[in-house]
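An overview of the molecular structure
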Amino acid sequence: MAEGSDQLFTNWRTGVPEQVITSGIADGAVTTPKLADGAVTTIKLADNSVSTAKIIDEAVNNAKLAFMAEATFKGRARGVGTGAPSDLNMSDYFRELLTANRDYYVATTGSDSNNGLTSLTPFLTVQKAIDVVAGLDFSIYNVNINVAAGTYTGANTIKNFAGAGTCTILGASATTTIINPTSATCFTVIGITSNWTVQALRVTATTSGFGFIVFQGSRITLTGLDFGACQYHMYSSSSSVININASYSISGGGIGHILCEYASNVYYSSGRTVTISNTPAFSSAFVHSFAGGTIRAPTITFAGTGATGKRALVEMNGLIAETGTAIGGTYFPGNVAGTAATGGQFN
């Protein structure tokens with residue numbers, strides 16, 4: 001209707017027609033609530049209208065995946081706590097799967113910052129090579145840790161790796177590659193189920209320490225070694241196994257050559273030769289089997305200067321077997337007859 005027009009209405013109380021003047025609401029008369037284009041600009045999310053929330057280039061520097069080294073990803077390494085991300089290698093989180101045999105190298109001229117993969121980039125310590133190998137999945141392949149001639153004063157702890165292969169710590173020779181820590185054990189082997197061999201090097205400890213401690217269900221194979229002065233050259237305990245599968249030599253003494261106890265075993269392959277020099281002295285016994293330990297030494301030849309001390313001690317249901325002699329015989333080196341006690345067996 002037109003603005004200001006008159007209309008006749010009947011008053012419902014009196015029944016008499018009356019004239020009423022009205023005000024028209026013209027088109028656009030109520031402009032303030034009309035949501036015309038752009039009328040409420042504070043709510044409209046036009047480009048850049050909320051610039052404080054926009055994540056522009058480099059606004060979140062810690063999360064920006066830029067300037068990364070090749071073949072890496074951003075994150076935090078295990079054990080370093082919270083903080084800014086850094087470049088990580090796949091090996092920081094996943095084992096490398098071998099597809100062929102591999103060699104690592106250790107030399108007294110090396111560095112543990114090297115990759116150890118060539119004789120020109122060797123590690124400095126045997127332990128570094130062991131640590132690297134422990135991060136691998138061998139699958140069906142084998143790894144050699146080639147240890148150059150020289151004297152290495154660090155103690156070493158053998159570690160498990162994944163896979164069915166064998167890792168061999170291989171010296172240049174039993175007279176030129178020397179593992180010689182002070183007041184520490186040359187090789188500690190605890191809870192190891194992976195296949196490890198130590199070959200062609202000398203183990204000796206200054207002041208005190210063992211050649212090999214093999215505990216808690218572990219196993220290791222020893223091949224062509226020389227045993228210098230140690231408390232015990234070989235100590236097998238708690239259901240562990242030491243396999244001796246090649247001839248070897250002894251150049252130093254100690255408390256004993258072999259101590260085997262608590263359901264553990266030391267096995268010699270048949271027909272080996274043990275060459276002794278410097279007439280080493282053993283204060284307890286050359287071989288000692290205790291508390292269910294078993295030492296099997298079939299047809300072994302002991303050559304050289306011989307040794308001093310008790311030849312054998314077997315007690316508390318220990319067993320020294322396959323010597324073909326009696327406990328009082330001269331099968332093992334020494335100048336004092338062996339003894340058996342409390343159920344110990346010698347045959």
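Residues numbered from 1 in each chain as written. Predicted model: local features only at pLDDT ≥ 70, side-chain atom pairs only at ≥ 80, totals over all residues. Heavy atoms only, no water.

**Some thoughts on the overall build of the protein**
If you tally the helices and strands in the protein, you get one helix and 31 strands. In the protein, which comprises 347 residues, the proportion classed as buried is 38%. Within the protein, residue pairs in contact and separated by at least 24 positions form 65% of the contacts whose partners lie at least 6 positions apart. On the protein, roughly 18000 Å² of surface is accessible, and the fraction owed to carbon and sulfur atoms is 53%. (Helix = DSSP H or I, 4+ residues; strand = E, 2+ residues; numbered from the N terminus. Buried < 20%, exposed > 50% of the residue type's maximum accessible area, 1.4 Å probe, protein only. Contact = heavy atoms within 4.5 Å. Areas by Shrake-Rupley, 256 points an atom, 1.4 Å probe, with all protein chains shown as cover.)

**Examining the environment of A337**
Along the chain, the position of A337 falls in the loop between β29 (319-321) and β30 (339-341). Given a relative accessible area of 42%, A337 falls into the partly exposed group. For A337 and G309, which are 28 residues apart along the polypeptide, the C-alpha to C-alpha distance reads 8.6 Å. Among residues more than four places away in sequence, those in contact with A337 are K310 and G328.

**A few points about the pairing of strand β16 (residues 212-215)**
Examined bridge by bridge, strand β13 (residues 187-190) and β16 share four bridges and lie parallel to one another. The residue of β16 that forms the bridge with F187 is F212. Direction of pairing for β16 relative to strand β19 (residues 232-236): parallel, over a ladder of three bridges. Pairing of F212 across the sheet is with M234, part of β19. (Pairing = 2+ DSSP bridges.)

**Concerning the confidence of the model for the protein**
A low pLDDT score tells you not to read the predicted coordinates there in detail. Put simply, the protein has an average pLDDT of 86, and 77% of its residues get 70 or more. When mean pLDDT is taken per element in the protein, strand β8 (residues 143-147) scores highest with 99 and strand β1 (residues 6-10) scores lowest with 52. Predicted confidence is poor over residues 38-45, with pLDDT under 50, and the contacts of this stretch with residues over four places away or in other chains come to five contacts. (pLDDT = per-residue confidence, 0-100.)

**Regarding the side chain of H233**
Locating H233 in the fold gives a position in strand β19. A distance of 2.8 Å separates a polar atom in the side chain of H233 from the backbone oxygen of G228. In this structure, H233 is in contact with G211, F212, F227, G228, I250, G252, G253, G256, H257 and F282, ignoring residues within four places of it in sequence. (Polar contact = N/O pair within 3.5 Å; in protein donor to acceptor, adjacent residues only side chain to side chain.)

**Notes on the pattern of salt bridges**
Oppositely charged side chains are able to pair whenever their charged atoms sit close together. All chains considered together, the criterion is met by four salt bridges. Note that K159 is salt-bridged to D131, the shortest N-O span being 2.8 Å. One end of the pair, K159, is in the loop between β10 (156-157) and β11 (166-171); the other, D131, is in helix α1 (residues 126-133), with 28 residues separating them in the sequence. Look at K159 and you get partly exposed, because its relative accessible area is 32%. For D131, a relative accessible area of 33% puts it in the partly exposed group. (Salt bridge = Lys/Arg side-chain N within 4 Å of Asp/Glu carboxyl O.)

**Some points on α1**
Listed in full, the buried residues belonging to α1 are V126, Q127, A129, I130 and V133. Down the axis, α1 shows its buried residues gathered within 160° of arc, on one side only. (Arc of directions from axis to C-beta.)

**Re the sheet that holds strand β28 (residues 312-315)**
Read from one edge to the other, the open sheet built from eight strands follows the order β10-β13-β16-β19-β22-β25-β28-β30, with strand pairing classed as parallel. Pairing within the sheet leaves two strands with one partner each, and these edge strands are β10 and β30. Summarising the sheet, β10 and β13 pair through two bridges and their orientation is parallel. In the sheet register, T157 faces β13, and the bridge partner there is T188.

**Section: the pairing of strand β24 (residues 273-276)**
Along β24, the buried face is formed by V274 and I276; none of T273 and T275, which line the opposite face, is buried. Two strands pair when backbone bridges link them, and strand β21 (residues 248-250) and β24 are joined in this way by three bridges, in the parallel orientation. Bridge pairing in β24 places S249 opposite T275. Two elements, β24 and strand β27 (residues 301-304), share four bridges in a ladder whose sense is parallel. Along β27, the bridge assignment pairs T275 with A303.

**A look at the packing of aromatic side chains**
Under the counting rule described, the total for this entry stands at 19 aromatic pairs. Taking the centre distance of 6.4 Å and the plane angle of 70° together, the rings of F212 and F227 count as edge-to-face. Placement of F212 in strand β16 and of F227 in strand β18 (residues 226-227) is noted, with a sequence separation of 15 residues between them. Connected via pairs of aromatic rings, a cluster forms that spans F282, F286, F302, Y331, F332 and F346. (Phe/Tyr/Trp six-rings, centres within 6.5 Å; stacked < 30°, edge-to-face > 60°.)

**Considerations on the sheet that holds strand β14 (residues 195-199)**
Pairing is parallel in the open sheet, where ten strands are placed in the order β6-β8-β11-β14-β17-β20-β23-β26-β29-β31. Because the sheet does not close on itself, it has two edges, and the strands there are β6 (102-106) and β31 (345-346). By the bridge criterion, four bridges tie strand β20 (residues 241-244) to strand β23 (residues 265-268) in an arrangement that is parallel. Among the inter-strand pairings, V241 is bridged to a residue of β23, identified as N265.

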